[in-house]
Amino acid sequence: MFNPIWINKYQIMEKTNASLPQVVIIGGGFGGLEVAKALADQPVDVLMLDKHNYHTFQPLLYQVATGSLEAGSIAFSLRKNFDNQKNFRFRIAEVSGINPETNTIDTSIGEIAYDYLVIATGSTTNFFGNKDIEHHSMPMKSIPEALNLRYMILQNLEEAVLKNTKEEREPYLNFVLVGAGPTGVELAGALAELRNHILSKDYPELKKEEMKVYLVDFLPRVLGAMSDQASSAAKDFLTKMGVEVLVGVKVENYDGDTITIEGGKSIRTKNVIWSAGVMGVVPEGVEKDIIERGNRIRVDNICRVSGYKNIFAIGDVAAMITKDTPKGHPGVAQVAIQMGKSTGKNILRLIKGAPTEPFKYFDKGSLATIGRNKAVADLGKVKFQGFFAWVIWMFVHLISLLGFRNKVVVFINWIGSYISNNGGSRLIIRKFVKEPVPHEEALPHSD
Ligand SMILES: Cc1cc2nc3c(=O)[nH]c(=O)nc-3n(C[C@H](O)[C@H](O)[C@H](O)COP(=O)(O)OP(=O)(O)OC[C@H]3O[C@@H](n4cnc5c(N)ncnc54)[C@H](O)[C@@H]3O)c2cc1C
């Protein structure tokens, strides 16, 4: 019943043990890692595929984009992470399609066979079909994209210094963040801190008042998925830091020079950062009629893809529609982690012929930071904002980072920034040129 080998166009590669069922995991993100961990020391062969050889800690991407952290401190080698797991192998490969009828997948390194397949490909930026916005604005879902963003921000500040008039400087110093979820709010806060504490030191030629940060969302409040209390505290923090918050308005278009907003407002800007939506990354071969809202794959109560016996989908790419979750679970790391653990265990139960256990999400709460000493926390019925929430936010992020070195590096960086109010190196290692090409791999990162 099980495939003894995995088939590659160019070679036949032995499994760790030819008689064991092979579990192929597409994606080494939060969900994929947990599936592999749950299968450690079990009678299965685990093959993880990812287009990168590292895991990305996405919650801190905004600090890479604004120059406070180096890219390497939020990434961790997938091979190194499983050094001690004997039944684990990793290949860098981009998966283009799945073939459920032959239990194989098409990848950039050839065709690979599976006994059990876990799709953990996460999500990508959703521009809702607006090609102008897609071509001219900046997304931030990966390390290469965060580095592109960092270089763009720094280059535009350098460009502003060269301009003679306020009018000429304006588009380089206006920053517009579209989408007031945690990513938009955290970036807006980080840019406001750059303006308030760093601009006058690094760029004494530029006036603080000329750098403007706008946060725009068509929903009526910031941090729409959090409580009213968290939302209004976050808005207050941002406003006090000098961010102009425009909620309940829709962005109409952006042509690379001017962003137009419903109601007739337009802003001249070279800096538009788009975090207004995400959509699942679904490989070719998944039936169209099981794709739900947000391009997510419909799964049953054990994360098994609708209509298939041995294919699972977890995390951002999965939609488990139930009475309690009519829109599926939120696209957050904890959902992916818990789905990953549950799926790993259920695959083992299926192999042993034991009954499976339905997935049950345990919501540990939500945190978002706005800046120094400022964060909001919704932990069940307990809701609080300010310094204590900020300390908890830092603690949770530090313990969740992969790798001891990364934890130490990030902690030291944060202490340094707190003391000096001038953290990060803000280096332009390579020139960034915005091109209308697929975003993520537009310019591979070089530092
Ligand atoms: C900027 C930002 C900030 C965030 N902040 C928070 C936060 O504070 N708290 C929180 O809980 N959540 C946060 N999230 C959401 C959280 O990161 C996601 O919910 C989580 O990463 C989903 O995990 P996943 O395993 O489904 O996918 P991911 O972690 O995205 O992993 C997907 C993996 O699949 C790989 N992959 C994709 N397609 C292919 C392919 N075709 N072939 C091979 N490999 C592929 C990718 O390279 C990636 O490694 C944030 C997200 C972003 C973008």
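Now for a look at the structure at hand.

The next point concerns the sheet that holds strand β21 (residues 291-292). The strands making up a sheet associate through hydrogen bonds between their backbones, and the pairing can be parallel or antiparallel. Taken in spatial order, the 3 strands make up an open sheet running β21-β22-β24, and their pairing is mixed. Unpaired on one side and paired on the other, β21 and β24 (318-319) mark the two borders of the sheet. Two strands pair when backbone bridges link them, and β21 and strand β22 (residues 296-298) are joined in this way by 2 bridges, in the antiparallel orientation. Bridge pairing in β22 places I291 opposite I297.

What surrounds the ligand is a group of 27 residues, the closest being G31, D50, Q58, V95 and D316. Here V332 contributes a backbone N or O atom positioned 3.4 Å from an oxygen atom of the ligand. Interatomic distance of 2.9 Å between a backbone N/O atom of A333 and an oxygen atom of the ligand. For the shell around the ligand, the secondary-structure elements that each account for two or more residues are α1 (30-38) and α9 (333-352). Each residue belonging to the shell around the ligand can be placed in one class, and the counts come to 10 nonpolar, 12 polar and 5 charged.

Next up on the list: the packing of aromatic side chains. Using the criterion set out here, one finds 7 aromatic pairs in the structure. With centroids separated by 5.6 Å and ring planes inclined at 35°, the aromatic side chains of W393 and W414 adopt a geometry described as tilted. Linking W393 in helix α10 (residues 387-400) with W414 in helix α11 (residues 404-420), this pair joins segments that are 21 residues apart in sequence. Here W393 falls in the buried class, since its relative accessible area comes to 2%. In this structure, R372 packs its charged tip against the face of Y418, placed 4.2 Å from the ring centre.

To continue, consider the nonpolar core. In terms of nonpolar packing, the biggest core is built from 73 residues, with L60, L149, L157, L215 and V376 touching the most fellow members. Once you skip the residues sitting within four places of it in the chain, L60 turns out to touch L69, I74, W393, H397, L401, V410 and W414. Counting 48 residues, the second-largest nonpolar core is a separate cluster that includes F88, V305, A313 and L348.

With antiparallel pairing, the 3 strands of this open sheet are ordered in space as β8-β9-β10. With one partner strand each, in any of the chains shown, β8 (95-99) and β10 (110-113) form the two edges of the open sheet. This sheet shows a mean twist of 25° between the axes of neighbouring strands, independent of strand direction. Relative to strand β9 (residues 104-107), β8 runs antiparallel, the two being bridged by 4 bridges. When the bridges of β9 are listed, G97 appears paired with D106.

Taken as a whole, the second largest pocket spans an internal volume of roughly 670 Å³. Forming the walls of the second largest pocket are 31 residues, and the residues nearest its centre are Q63, E193, W390, W414 and S417. Put simply, the parts of the chain that give the lining of the second largest pocket at least two residues each are α2 (61-65), α7 (182-202), β25 (366-371), α10 and α11. Among the elements that line the lining of the second largest pocket, the one with the most residues is α7, at 7 residues.

Moving on: a nonpolar patch on the surface. Taken together, the side chains of F387, F388, V391, F404, V408, F411, I412, I415, Y418 and I419 present a nonpolar region at the surface, about 1,000 Å² in accessible area. Contributions of two or more residues to the nonpolar patch are made by α10 and α11. The biggest single contributor to the nonpolar patch is α11, with 7 residues.

Let's shift gears to unusual backbone geometry. Positive phi outside glycine occurs at N295, with the angle close to 55°. Exposure remark for N295: the relative accessible area of 30% places this residue in the partly exposed category. One non-glycine residue, R426, lies in positive phi territory at about 50°. Along the chain, R426 turns up in the segment after α11. A relative accessible area of 13% means that R426 is categorised as buried.

Moving on, we get to the packing of α1 against α9. Packed helices, taken two at a time, are described by the angle their axes make and the gap between the axes. Following both chains from N to C, one finds α1 and α9 inclined at 30°, their axes separated by 7 Å at the closest point. With respect to α9, the axis of α1 lies roughly parallel. As α1 packs across α9, the resulting crossing turns out to be right-handed. Contact with α1, carried on its side by F30, G31, E34, V35 and A38, involves A333, A336, I337, G340, K341, G344, K345 and L348 of α9 and no other residues of that element. Within the contact of α1 with α9, the residues separate by chemical class into 7 nonpolar, 3 polar and 3 charged.

A few words now on the environment of T66. Turning to its location among the elements, T66 is positioned in the loop between α2 and β6 (75-77). Each C-alpha atom of the pair T66 and N406 lies 18 Å from the other, and the pair is 340 residues apart in sequence. The contact partners of T66, leaving out residues within four places of it in the chain, are L187, A190, L191 and L194. Here Y62 takes part through its backbone oxygen, which lies 2.7 Å from a polar atom of the side chain of T66.

All right, on to the pattern of salt bridges then. Think of it this way: side chains of opposite charge can pair up when their charged atoms draw near. Scanning the model with the defined rule gives 14 salt bridges in all. A salt bridge links R268 to E170; its shortest N-O distance comes to 3.1 Å. A residue pair is termed long-range when its members are at least 10 positions apart, and R268 in strand β18 (residues 265-268) and E170 in helix α6 (residues 166-173) qualify at 98 residues. Residues R304 and D300 are paired through a salt bridge, measuring 3.6 Å at the closest nitrogen-oxygen approach.

Thresholds applied
- Residues numbered from 1 in each chain as written.
- Predicted model: local features only at pLDDT ≥ 70, side-chain atom pairs only at ≥ 80, totals over all residues.
- Heavy atoms only, no water.
- Pairing = 2+ DSSP bridges.
- Helix = DSSP H or I, 4+ residues; strand = E, 2+ residues; numbered from the N terminus.
- Near = heavy atom within 4 Å.
- Polar contact = N/O pair within 3.5 Å; in protein donor to acceptor, adjacent residues only side chain to side chain.
- Nonpolar A, V, L, I, M, F, W, Y, C, P; charged D, E, K, R; others polar.
- Phe/Tyr/Trp six-rings, centres within 6.5 Å; stacked < 30°, edge-to-face > 60°.
- Buried < 20%, exposed > 50% of the residue type's maximum accessible area, 1.4 Å probe, protein only.
- Lys NZ or Arg CZ within 6 Å of the ring centre and 35° of its normal.
- Core = buried A, V, L, I, M, F, W, Y, C linked by side-chain atoms within 4.5 Å.
- Contact = heavy atoms within 4.5 Å.
- Axes fitted to C-alpha atoms, helices over the stretch in contact; angles between N-to-C directions.
- 1 Å grid on protein atoms, 1.4 Å probe; cavity = no way out; pocket = protein on both sides within 12 Å on 5 of 7 lines; lining within 4 Å.
- Points joined across faces, edges and corners; volume = space filled by probe spheres on them.
- Patch = residues over 30% accessible without salt bridge, like charges linked within 9 Å, V, L, I, M, F, W, Y side chains within 5 Å.
- Areas by Shrake-Rupley, 256 points an atom, 1.4 Å probe, with all protein chains shown as cover.
- Salt bridge = Lys/Arg side-chain N within 4 Å of Asp/Glu carboxyl O.
- Parallel < 35°, antiparallel > 145°, perpendicular 65-115°, else oblique.
- Left-handed = near helix turned anticlockwise from the far one by under 90°.

Taken by themselves, the reported measurements are silent on function.
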